[in-house]
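Listed below, chain by chain, are the residues.
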Amino acid sequence: MKITEAKVIVTCPGRNFVTLKIMTDEGVYGIGDGTLNGRELAVASYLKDHVAPLLIGRDPHQIEDIWQYLAKGVYWRRGPVTMASIGAVDTALWDIKAKAAGLPLYQLLGGKSRAGVMVYGHANGRDIPETLDAVGEYLDKGYKAVRAQSGVPGLDAVYGVARGKMFYEPAVKGAAPEEQIWSTEKYLEFAPKLFDAVREKFGFDFHLLHDVHHRLTPIEAARLGKSLEPYRLFWLEDPTPAENQEALKLIRQHTVTPIAIGEVFNSIHDCREIIENQLCDYIRTAVVHSGGITQLRKIAMLAELYQVRTGCHGATDLSPICMGAALHFDLWVPNFGIQEYMHHTEETDAVFPHAYSFGDGYLYPGDTPGHGVDFDEKLAAKYEYDPAYLPVARLEDGTMWSW
Ligand code: CS2
Ligand code: MG
């Protein structure tokens, strides 16, 4: 089999997505997600100008060799744009291999390790009563795990809190990022009250998660983890910026609240020391941002040695292709923890028809050969790229802050 064409399509059915479609001389094609929120066009150019021409004529079955060729051969290793591009290629190649074999992708990875993939939904509200309503709605829908985020008294907007309750889009449309004001003091004062109210109302018979979005210093994160211990979180995510990995040691010394990290990582080297030193409990790298299934499974295998489990990033800014591929990975990976699931809009789902489905708190990837997600190119062509960015955060005195 030979690769004959590699097309890069940027489409905006509600939000921007970068899709790679690889065609072969045998008529089988594969698709991969290359979306990098707020930097979509950089990945599209990287793929179009520098990667697609290198793929033509290659055997798509040689996934490992193509991965090594793109990751090592580039000289400028790692980085989100490079790795998202490689992720798109890798996902499309696994799709082709599985379709050619007539098997769902999870069968090629080693088969099912579980019946379904436990997911968590996002319960958001402007205040505690609204957040409690949202938690209730998720529990009513059968979710076994819910992430709770709430507006903070005294702050106008808080990242991670949706404008609508059941749907949340992290980026805001416009030519420049929205600026939001952040106060660590107000947040730390408020957070335990939120979780106290959630457990008080709904009890302990479901998993509760929370995302800090890298906003705290190590000692503040330690204080938060300690103050949330009575509410027994499944995880506390990104308590502190991911570059300072030593910070997690300090947090660990103070709290037994489990830590999840890794949605901004793009290489096994970003994960290695944290995993080997057992500084996190869940590793969150996504299929697209970690260079596809090929590297993600190496990260997972390393993590398995240290009883660190997976919890792949699954926000709406990863396309349904990434979600489909992640679900096959999740169904197989022995040290699976949980999968983030924010469902996409109807417009997005129409462009990416998919075999995965939700039932009773679990997602099921389906048994369609490949990763089970397709791409309606005609429909995609109707939605032009529309600039949108993640908001930025400043402290009350105007100082730029992490997110
Ligand atoms: C969040 C995301 O889903 C999450 O855990 O952290 O909103 C994340 O910030 C965005 O996907 C970044 O593009
Ligand atoms: Mg997050």
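For the structure itself, look to the data block above.
From a predicted model like this one, the values you see are computed outputs, not experimental measurements.

1. Remarks on the coordination of the magnesium ion (ligand 2)
Consideration 1: At the metal site, the magnesium ion (ligand 2) is ligated by D211 (OD), E237 (OE) and E263 (OE), and these contacts range over 1.9 to 2.2 Å.
Consideration 2: Motif for the magnesium ion (ligand 2), donor spacing along one chain: D-x25-E-x25-E. Of the two residues, E237 is situated in strand β9 (residues 235-237) and E263 in the loop between β10 (259-261) and α9 (268-276); the sequence distance between them amounts to 26 residues. Of the two residues, E237 and E263, both sit in the buried class.

2. Let's talk about the pattern of salt bridges
Consideration 1: Per the stated rule, a full pass over the model turns up 21 salt bridges.
Consideration 2: When the shortest N-O distance is used, the salt bridge between D95 and K99 registers 3.3 Å. Pair noted here: D95 and K99 are both in helix α3 (residues 80-101), with a separation of four residues, about one helical turn.
Consideration 3: With a relative accessible area of 0%, D95 lands in the buried category.
Consideration 4: Of the residues examined, K99 reaches a relative accessible area of 26% and is grouped as partly exposed.

3. Re the nonpolar core
Consideration 1: Counting residues in each nonpolar core, the largest one holds 125 residues, and the members touching the most others are I22, L47, V89, Y187, L224 and I283.
Consideration 2: Ranked by the residues each element gives to this core, the list is headed by α3, at 10 residues.
Consideration 3: With sequence-adjacent residues up to four places away left out, L47 is seen in contact with V8, V18, L20, A52, P53, S85, A88 and V89.
Consideration 4: In this structure, Y159, Y168, M342 and L390 belong to the second largest nonpolar core, which totals five residues.

4. Re the site of ligand 1
Consideration 1: Close contacts around ligand 1 come from 16 residues, with Y159, Y168, E263, D317 and E340 the closest.
Consideration 2: With respect to ligand 1, the side chain of R284 contributes an N or O atom lying 3.1 Å from an oxygen atom.
Consideration 3: When ligand 1 is considered free in solution it has 340 Å² of accessible area, and contact with the protein chains removes 96% of it.
Consideration 4: When its residues are assigned to classes, the shell around ligand 1 shows six nonpolar, three polar and seven charged.

5. As for unusual backbone geometry
Consideration 1: The residue H213 is not glycine, and still its phi comes out positive at about 55 degrees.
Consideration 2: Tracing the backbone shows H213 in the loop between β8 (207-211) and α7 (218-227).
Consideration 3: The phi angle at Q278 is positive, at roughly 55 degrees, despite the residue not being glycine.
Consideration 4: Position of Q278 among the secondary structure elements: in the loop between α9 and β11 (282-283).

6. Thoughts on the pairing of strand β4 (residues 117-125)
Consideration 1: With nine of nine residues buried, β4 lies mostly within the body of the structure.
Consideration 2: Of the two faces of β4, the one lined by V117, V119, G121, A123 and G125 and the one lined by M118, Y120, H122 and N124 are each fully buried.
Consideration 3: Here β4 runs beside strand β15 (residues 362-364); their pairing, made up of two bridges, is antiparallel. Within β15, the residue paired with M118 across the bridge is Y362.
Consideration 4: As judged from the two bridges shared by β4 and strand β13 (residues 339-340), these two strands associate in the parallel manner. Residue Y120 lies in a different strand from β13, and its bridge partner there is E340.
Consideration 5: With six bridges connecting them, β4 and strand β5 (residues 145-150) associate as parallel partners. Within the sheet, the bridge partner assigned to N124 lies in β5 and is Q149.
Consideration 6: Handedness of the crossover joining β4 and β5 through helix α5 (residues 128-140) is recorded here as right-handed.

7. Looking at helix α6 (residues 184-202)
Consideration 1: The terminal C-alpha atoms of α6 lie 27 Å apart, and with 19 residues this matches the ideal 27 Å at 1.5 Å per residue to within 8%.
Consideration 2: Listed as buried for α6 are T184, Y187, L188, F190, A191, P192, L194, F195, A197, V198 and R199.
Consideration 3: Buried residues in α6 make contact with α5, β5, β7 (179-182), β8, α7 and β18 (400-401).
Consideration 4: Two residues or fewer past α6, G203 is found with a positive phi of approximately 75 degrees.

8. Brief notes about the sheet that holds strand β3 (residues 29-33)
Consideration 1: Pairing in this open sheet of three strands is antiparallel, and the strands run β1-β2-β3 from one edge to the other. The sheet is open, and its two edges are formed by β1 (3-11) and β3, each paired on a single side. Strand after strand, the sheet turns through a mean of 20 degrees between neighbouring axes, direction not considered.
Consideration 2: Packed on one face of the sheet, α3 meets β1, β2 (17-24) and β3 and runs near 145 degrees to β3.

What counts and what doesn't
Residues numbered from 1 in each chain as written. Chains lettered and ligands numbered in written order. Predicted model: local features only at pLDDT ≥ 70, side-chain atom pairs only at ≥ 80, totals over all residues. Heavy atoms only, no water. Donors = N, O, S within 2.8 Å, 3.2 Å for Na, K, Ca; no water. Helix = DSSP H or I, 4+ residues; strand = E, 2+ residues; numbered from the N terminus. Buried < 20%, exposed > 50% of the residue type's maximum accessible area, 1.4 Å probe, protein only. Salt bridge = Lys/Arg side-chain N within 4 Å of Asp/Glu carboxyl O. Core = buried A, V, L, I, M, F, W, Y, C linked by side-chain atoms within 4.5 Å. Contact = heavy atoms within 4.5 Å. Near = heavy atom within 4 Å. Polar contact = N/O pair within 3.5 Å; in protein donor to acceptor, adjacent residues only side chain to side chain. Areas by Shrake-Rupley, 256 points an atom, 1.4 Å probe, with all protein chains shown as cover. Nonpolar A, V, L, I, M, F, W, Y, C, P; charged D, E, K, R; others polar. Pairing = 2+ DSSP bridges. Right-handed = clockwise from strand over helix to strand, strands pointing away. Expected span 1.5 Å × (residues − 1). Axes fitted to C-alpha atoms, helices over the stretch in contact; angles between N-to-C directions.

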